[in-house]
Each structure stands twice: as structure tokens, then as C-alpha cells.
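Residue-level structure breakdown
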Amino acid sequence: MDIKDKYIMALDQGTTSSRAIIFNHNAEIVASAQKPFEQIFPRPGWVEHDASEIWYTQSSVAAEAVARANLTGLDIACIGITNQRETTIVWDRETSLPVYNAIVWQDRRTADYCEELKAAGHAEMIREKTGLIIDAYFSATKIKWILDHIEGVRERAEKGKLCFGTVDSWLVWKFTRGRTHVTDVTNAARTMLFNIHTMEWDEELLRLFDIPRALLPEVKQSSEVYSETATTLFSTKIPISGMAGDQQAALFGQLCVEPGMTKTTYGTGCFVMMNTGGEPVTSRNNMLTTIGWKIGGQVTYALEGSVFVGGAVIQWLRDGLKVIASAQETGELAASVDDSGGVVFVPALTGLGAPYWDQYARGAILGLTRGTTAAHITRAALEGIAFEVHDVIEAMLQDVKYPATEMRVDGGAVANDFLMQFQADIDRRGVVRPKILETTALGAAYLAGLAVGYWRDIDEIRGHAQTDRRFEPQLDAGQVRKLLDRWHKAVDRARGWAE
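Residues numbered from 1 in each chain as written. Predicted model: local features only at pLDDT ≥ 70, side-chain atom pairs only at ≥ 80, totals over all residues. Heavy atoms only, no water.

**Regarding the layout of surface pockets**
In this structure, the largest pocket spans a volume of roughly 1,200 Å³. Surrounding the largest pocket, 49 residues form its lining, Tyr266, Gly267, Thr268, Gly412 and Ala413 being those nearest its centre. Of the residues belonging to the lining of the largest pocket, the class tally is 15 nonpolar, 24 polar and 10 charged. Contributing to the lining of the second largest pocket are 18 residues, with Phe41, Val47, Gln106, Leu349 and Thr350 lying nearest its centre. For the lining of the second largest pocket, the residue count by class is eight nonpolar, seven polar and three charged. (1 Å grid on protein atoms, 1.4 Å probe; cavity = no way out; pocket = protein on both sides within 12 Å on 5 of 7 lines; lining within 4 Å. Points joined across faces, edges and corners; volume = space filled by probe spheres on them. Nonpolar A, V, L, I, M, F, W, Y, C, P; charged D, E, K, R; others polar.)

Dropping the structure here:
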């Protein structure tokens, strides 16, 4: 069988669910499967996952997607992996059992330690080496917390008996039955332990966080054959040949392959990323400098701004506040009122990310009156997501020489026409929604396929891109200015709220 007659499986391990999507050579979805898993909140500000449940759900949907497509492992050319980033897992090399729950990227338990690091004057050194701002978001402080708080773990780590990995590493370890302990440059760049200039784990940072080198995976490119599957899930060994953190995978999936091209992913959080080419751009506006991907020995860098709570606020409206029955109804409900009735919703439920980086901000709904309805609150929540993204884009554009261009969008929430139109209105530029919204998985598939010759090069991939809809701004500039002024007034009220 010619390799182009086969299929590519993308494993998309997200914050709230595990998915597997099978693509054909035309980059069309042939089959998919998805399973949610438990969100664990031991204390306010703490967020955990059961790493074993991540594996169970991810392996389960992989098998299910193959069955749904009426295929076998022999039909799969390769596997690409994309994953929730920064989420931290430490496990035993011999038993492959986690020593503690996965500490999720949203978790804030190390916020005070991060403040200590800043007070001790480490911020500039960390920023120079990693491109990151000191924050509980990243993996280093989470690893340290596990080493310091779980009995016997530090001793075992120092003896080389344990592994650390972000979710990509964990999945490769499990799919290869413990034979391969690797990560790729995009995930390594989010740990706050990786030097994005030397492209190596940094000894000074390992000493600062007191993390044994033996814990860490080998760092690979984003597109190369890392290993083959060794589980009984498939009837044959399948190459694992592409890996990237979810936002980098989405940037590649959107084919933002030229400097200045920008995408925003609307998932649990919202993530704006701009391709900055072969040189890292140091932000003056609290953006993160990170690695977009490494292919064929060439590194592409990016600027990123992360909004911690995006689509998660819709989930909270449904499950927490119970003002909606499903996420699908939010667009229609928001459009049922002419405006938000003066209500502003700041979705800082786990703090504020870029450009504010306020770990102590908290969510706020302001402007409530006796006339406020569920529709007003829902509209304000959707508007709040768009406002957050706008602030990130404006800060990012101040860091680069590129002109403001269209924004490519993906993720579950972009199916919401109201949100996309409001985003275009606030940003005063076009918003482009692709036909395939699963661009994160598509990016992982592209990376994997390039490594095994399934696609010849990026130019061949470009031929498969299709647009669903383009949203153009409709609100006048004066109205936009008033809305933004009120939003920033509300953000000021929400900042520094928690002790």
C-alpha cells in the first residue's frame, strides 16, 4: 500500500477531554472519538488530573477512532501528538505509576513561591533564558512542589528512579511501554527549565529549582520519528513522529508559517500566537517568547499571550451558575439582547494571564441591576472572552514590526458566530474561521506526516487549507472605544482581589 493511501492519527490530549482524530491525505477528518475525564479541585486554586485516567481515555479513543473508520493499525501511517501544555506528571520508571496526580497548567498552588522568586531577583535571568515570565502556570514550580511535598519522591528522583514529563512525554512513555522518554522543543520551552537559545535543559535553572537532571526527558524536534507503539491497542507497530504543545500545533495547523501570521485558539483558555520567524523576539509588553516548532533542524519562534479562562467561562455558566443548559445556546441567547445592559464580565476565574499576569485577580461581574437577565450575563461573558483576546493582540502588536493582519481562529468556541463577530468588531480586523476547526489535531497530523514523507513539504499541505467564513468588523470606532474603556475599568476592579 502506498503511504498516501494510508491515514494519520492525531491524538489531541486536552484539558477536559482526550480525542483521537483520523485524517486522510487531503487533510479531511475520516473519524474521531472523544472522552471527557474528571477535573479535580482539592483546594481553591488547585487543579489536578488523574494521569492514569488521561492514559485510559486517550488510548481508548485511539482504538475507537480506528474502529469507527473501519481501519486497522496497518492503515495508520503514523501518529502525531498534541497536548495541554505545562501540566506536570512525575512517575516511577519501573512501575510507570504516577507518584501524584498531574498538576494542571491552571493550578495556582505555587503562586506564593513565584512571588518569592521575583523578590529574590530571578525574573530577568529566567526571562532571558526561557522567554517566560515567572508564574505558577509553568512546569518548574509544579515539579518542585511534588518533589518537596510528596514523601520519598525527592530521594527517588535523585536516584534516577522517577521521570518527569508534560502530557506528551507521558503518552509516548505509555504507548511505547516505557521504552521512550522524550519531549519536543515546544513542550520543553514551557517548563521554565529549557533555554530557548541553546536549545538545552539549563543547569542554572535546574539548580535554582532544585530539580535533578535525571528526571527530565530527551528533547527532540517537533517532526521526527521518536519511536513506535508497543501496546496491544494496534495490530502493528506505528511510528510516533510528530509532537507539539496544543497552541504551537494550532499555529502550524493554521499554516501560520510566515513571520507576522497570527492565530487564536479558543479552548478552555484562549491563546494568541504570532510567528516571529527564526529569531526570538523579546517582548516589552508581557508577552511570552516561545518556540513555535523545530523541523529539519530549523527553529521557528513565536510570541504568545495566554488567557487562562476562555471557553471555561461558558462551562462555568452551565455547570456552576446554571444559567444555560448547553454551550451551543450561548450565541443565540447573547444575540437576543441588543447589548449587555451595562454588565461587564471579567473571566479571571483563575487569575489574569497576558498582558496583566495577575495571579491574584479574580472573576468579576459588574454593572448588575434589577433588569439584568441571564441573556445579559451570557452576552457579557462572551464579550469578556473577546476583550481578553483583544488586550493580548494589542500588546503583541506593540512588540513587532509587522502590520496588523487578519486573525485565524480555531477551537471549540469559534463555532459561536456571535463571539467571532464581536471579536472582529473589537479588533477592527478580519477574523478567519477554517472549515476544519480541529486545527490543533491537524497541526499534529501535519508534523507527523512530514516526518515520514506522507506529505512532501509545507507547500503541498497548503493546498488542503479551506476557509469556512470570514467575519468583518461592523461596529463603529467610537462605540468600540466606549466598550473598551468600560472593560478596562472593570479589569482594574478585578485585579489583586485574592490575598
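**Structural notes on the nonpolar core**
When a protein is soluble and globular, its nonpolar side chains tend to lie buried together. Core analysis: the biggest nonpolar cluster contains 108 residues, and Leu193, Phe209 and Tyr266 have the highest contact counts within it. For tyrosine 266, the contacting residues outside a window of four places in its chain are Ile385, Val389, Met407, Val409, Asp410, Gly411, Gly412, Ala413, Val414, Leu419, Met420 and Gln423. Ranked by size, the runner-up nonpolar core spans 35 residues in total, among them Ala31, Trp55, Cys163 and Val182. (Core = buried A, V, L, I, M, F, W, Y, C linked by side-chain atoms within 4.5 Å. Buried < 20%, exposed > 50% of the residue type's maximum accessible area, 1.4 Å probe, protein only. Contact = heavy atoms within 4.5 Å.)

**Concerning the packing of helix H12 (residues 374–397) against helix H16 (residues 477–494)**
The interhelical angle for the contact between H12 and H16, taken along N-to-C directions, is 90 degrees, at an axis separation of 11 Å. Between H12 and H16, the crossing angle belongs to the class labelled roughly perpendicular. The segment H12 lies against H16, with Gly384, Phe387, Glu388, His390 and Asp391 engaging Leu483, Leu484, Trp487 and His488. Tallied by class, residues from the contact of H12 with H16 come to four nonpolar, three polar and two charged. (Axes fitted to C-alpha atoms, helices over the stretch in contact; angles between N-to-C directions. Helix = DSSP H or I, 4+ residues; strand = E, 2+ residues; numbered from the N terminus. Parallel < 35°, antiparallel > 145°, perpendicular 65-115°, else oblique.)

**What about the sheet that holds strand S1 (residues 7–13)?**
Ordered by their spatial adjacency, six strands build an open sheet running S3-S2-S1-S5-S14-S13, and the pairing between neighbours is mixed. Taken across any chain shown, the strands that pair with only one partner, and hence form the sheet edges, are strand S3 (29–36) and strand S13 (223–228). Pairs of neighbouring strands in the sheet enclose a mean axial angle of 25 degrees, with direction left out of account. Across seven bridges, S1 lies against strand S5 (residues 76–83) in parallel orientation. Looking at S5, one finds that alanine 10 is bridged to glycine 80. Sheet strands in contact with helix H1 (residues 51–68) are S1, strand S2 (17–23), S3 and S5, and its direction is about 150 degrees off that of S3. Of the strands in this sheet, S1, S2, S5, S13 and strand S14 (239–245) are in contact with helix H14 (residues 439–452), which crosses S5 at around 135 degrees. (Pairing = 2+ DSSP bridges.)

**Considering the side chain of threonine 166**
As for its position among the elements, threonine 166 is in the loop between strand S8 (162–165) and helix H6 (167–175). Ignoring sequence-local partners within four residues, the contact set of threonine 166 consists of Glu86, Thr87, Ser139, Thr183 and Asn187.

**Comments concerning the packing of aromatic side chains**
Evaluation of the coordinates by the stated rule reveals 22 aromatic pairs. Seen in terms of ring centroids, tryptophan 46 and tryptophan 145 are 5.5 Å apart; in terms of plane orientation they differ by 80 degrees. Their pairing is edge-to-face. Taken together, the positions of tryptophan 46 in the loop between S3 and strand S4 (48–49) and tryptophan 145 in helix H4 (residues 139–149) put the pair 99 residues apart, joining distant regions of the chain. Residue tryptophan 46 shares its accessibility class with tryptophan 145, and that shared class is buried. Plain terms: the ring middles of phenylalanine 138 and tryptophan 357 are 6.4 Å apart, the flat faces sit at 35 degrees to each other, and that makes the pair tilted. A residue pair is termed long-range when its members are at least 10 positions apart, and phenylalanine 138 in the loop between helix H3 (123–130) and H4 and tryptophan 357 in the loop between strand S19 (344–346) and strand S20 (364–366) qualify at 219 residues. With respect to class, phenylalanine 138 is no different from tryptophan 357; both count as buried. (Phe/Tyr/Trp six-rings, centres within 6.5 Å; stacked < 30°, edge-to-face > 60°.)

**Considerations on the sheet that holds strand S21 (residues 407–410)**
Taken in spatial order, the seven strands make up an open sheet running S17-S18-S16-S15-S21-S22-S23, and their pairing is mixed. Both edges of this open sheet fall to strand S17 (288–295) and strand S23 (467–471), since each of them pairs with a single strand only. Across the sheet, the axes of successive neighbouring strands diverge by a mean angle of 30 degrees, strand direction being ignored. As judged from the two bridges shared by S21 and strand S22 (residues 431–434), these two strands associate in the parallel manner. The residue of S22 that forms the bridge with arginine 408 is valine 432.

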